[in-house]
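These are the residues of each chain, in order.
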Amino acid sequence: MNAHVFVDETKERGLLVAAAVVLPADLAAARRTIRDLILPGQRRIHFHKERDDRRRQIVAAVVTLSAYAVIFDAKRHRDPRAAREACLIELVEHAAKIGAGRLVLERDDSTLQADQRLLFEQVRKSGISGTLRYNHLRAHEECLLAIPDALAWCWAKGGRWKTSVQRIVSESRQV
């Protein structure tokens, strides 16, 4: 399948990681859709900082994309490091299961080294070190990171926001 998986998180009420899966044939159209949403003067979409009317506009566009998402919910973990590790382990297992070719995580310098060590180990353990590439990029370097950014925020917020993205979320896992 060689899907591309774009990953972001929210730590608002415990760690929640969103992974948006886009097939290679759909990447160009998805990027075009997201780039069209970036306002003049913006480098990227940062869902947390958007007004509600903009959030609704972004969600309306995101749910029309040829993509699906998986939510990894680690709220039950008290230790933030253990929560992150649990999410990344599940994320690599999911990437292996769907035959993903690329994993793109939004770069967080505070977790970068630990992430790289864990990903290296998990990718090797899963037997996909020759087929899965992974990168940590800034959101302005890969516009499709806006998808999991929006999904994670909406899912964590709950209520009508969670309902608005449910049709693109194929699965929610407690980790």
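If you're wondering where the values come from, they're calculated on a predicted model, not measured in any experiment. Per chain, the residues get numbers from 1 upward, laid out in the order the sequence is written. With the structure being a predicted model, the display of local features is reserved for residues of pLDDT at least 70 and the display and counting of side-chain atom pairs for 80 or more, all residues being used for whole-chain, interface and lining totals. With hydrogens and water stripped out, all remaining heavy atoms of the structure feed into the side-chain values.

(A) Region of the structure containing the side chain of Asp149. For Asp149, the location among the structural elements is in helix H5 (residues 146-157). Note on exposure labels: buried denotes an accessible area under 20% of the residue type's maximum, exposed denotes more than 50%, and partly exposed covers the range between, all computed with a 1.4 Å probe on protein chains only. For the charge count, each Lys or Arg is scored as positive and each Asp or Glu as negative, with His and the chain ends excluded. The working definition used for a salt bridge is a side-chain nitrogen of Lys or Arg within 4 Å of a carboxyl oxygen of Asp or Glu. Although Asp149 lies buried, it forms no salt bridge, and the closest oppositely charged side chain, Arg44, sits 4.2 Å away as judged by the N-O distance. In this structure, Asp149 is in contact with Asp8, Arg44, Ile45, His46 and Phe47, ignoring residues within four places of it in sequence. Segments assigned H or I by DSSP are reported as helices when at least four residues long, segments assigned E as strands when at least two residues long, and all are numbered from the N terminus. We call two residues contacting when some pair of their heavy atoms lies within 4.5 Å.

(B) Broad picture of H5. A helix is expected to span 1.5 Å multiplied by its residue count minus one. Its 12 residues give H5 an end-to-end C-alpha distance of 16 Å, which sits within 8% of 16 Å, the value for a rise of 1.5 Å per residue. With 11 of 12 residues buried, H5 lies mostly within the body of the structure. The positive-phi residue at the C-terminal boundary of H5 is Gly158, with phi of around 80°.

(C) Just the environment of Leu91, in detail. Assignment of secondary structure puts Leu91 in helix H3 (residues 80-98). Take Leu91: its relative accessible area is 1%, and that puts it in the buried class. The spacing of Leu91 and Gln122 is 31 residues in sequence and 9.6 Å in space, taken between C-alpha atoms. Excluding its chain neighbours within four sequence positions, the residues that come into contact with Leu91 are Val5, Val7, Ala19, Phe72, Leu103 and Leu105.

(D) Main features of the packing of aromatic side chains. Here a pair means two rings of Phe, Tyr or Trp (six-membered ring of Trp) with centres within 6.5 Å. Their orientation is stacked below 30 degrees between planes, edge-to-face above 60, and tilted elsewhere. With the rule as written, the count across this model stands at three aromatic pairs. The interplanar angle of 80° and the centroid separation of 5.3 Å between the aromatic rings of Trp153 and Trp161 together place this pair among those described as edge-to-face. Here the two residues Trp153 and Trp161 agree in accessibility, since each one is buried.

(E) Representation of the nonpolar core. Residues Ile34, Phe47, Leu144, Ile147, Leu151 and Ile168 are the most contacted members of the largest nonpolar core, which totals 38 residues. When contributions to this core are tallied by element, the ones reaching two or more residues are strand S2 (16-22), helix H1 (27-37), helix H2 (52-62), strand S3 (67-73), H5 and helix H6 (159-165). With nine residues, H5 is the single largest residue contributor to this core. In this view, Ile147 contacts Ala20, Ile34, Val62 and Leu65; residues no more than four positions away in its chain are not counted. What makes a nonpolar core is a set of buried Ala, Val, Leu, Ile, Met, Phe, Trp, Tyr and Cys residues whose side-chain atoms join them at distances within 4.5 Å. Core analysis: the second largest hydrophobic core is formed by 27 residues, Val17, Ile98, Leu105 and Val175 among them.

(F) Spatial organisation of the environment of Ala146. Mapped onto the secondary structure, Ala146 falls in helix H5. Those residues in contact with Ala146 that lie beyond four places of it in its chain are Ile34 and Ile45.

(G) Up close: the pattern of salt bridges. Per the stated rule, a full pass over the model turns up 16 salt bridges. Across the pair Arg138 and Asp109 runs a salt bridge, and its minimum N-O distance is 2.9 Å. A residue pair is termed long-range when its members are at least 10 positions apart, and Arg138 in the loop between strand S5 (133-137) and H5 and Asp109 in the loop between strand S4 (102-106) and helix H4 (112-125) qualify at 29 residues. Since its relative accessible area comes to 48%, Asp109 is described here as partly exposed. Members of the salt-bridge network, linked through shared partners, are Glu9, Lys11, Arg84, Asp108 and Asp115.

(H) Representation of the packing of H3 against H4. An axis is simply a line fitted to the C-alpha atoms; with a helix, the fit covers only the stretch in contact. Between two such axes, the angle follows the N-to-C directions and lies from 0 to 180 degrees. Contact geometry for H3 and H4: axes closest at 10 Å, N-to-C directions at 35°. Note that H3 runs across H4; the crossing there is right-handed. Contacts between H3 and H4 involve Arg84, Glu85, Leu88, Ile89 and Val92 from the former and Asp115, Leu118, Leu119, Gln122 and Val123 from the latter. Gly is placed with the polar residues, together with every amino acid not listed as nonpolar (Ala, Val, Leu, Ile, Met, Phe, Trp, Tyr, Cys and Pro) or charged (Asp, Glu, Lys and Arg). Each residue belonging to the contact of H3 with H4 can be placed in one class, and the counts come to six nonpolar, one polar and three charged. Crossings are classed by handedness, with left-handed meaning an anticlockwise turn of the near helix from the far one by less than a right angle and right-handed meaning a clockwise turn.

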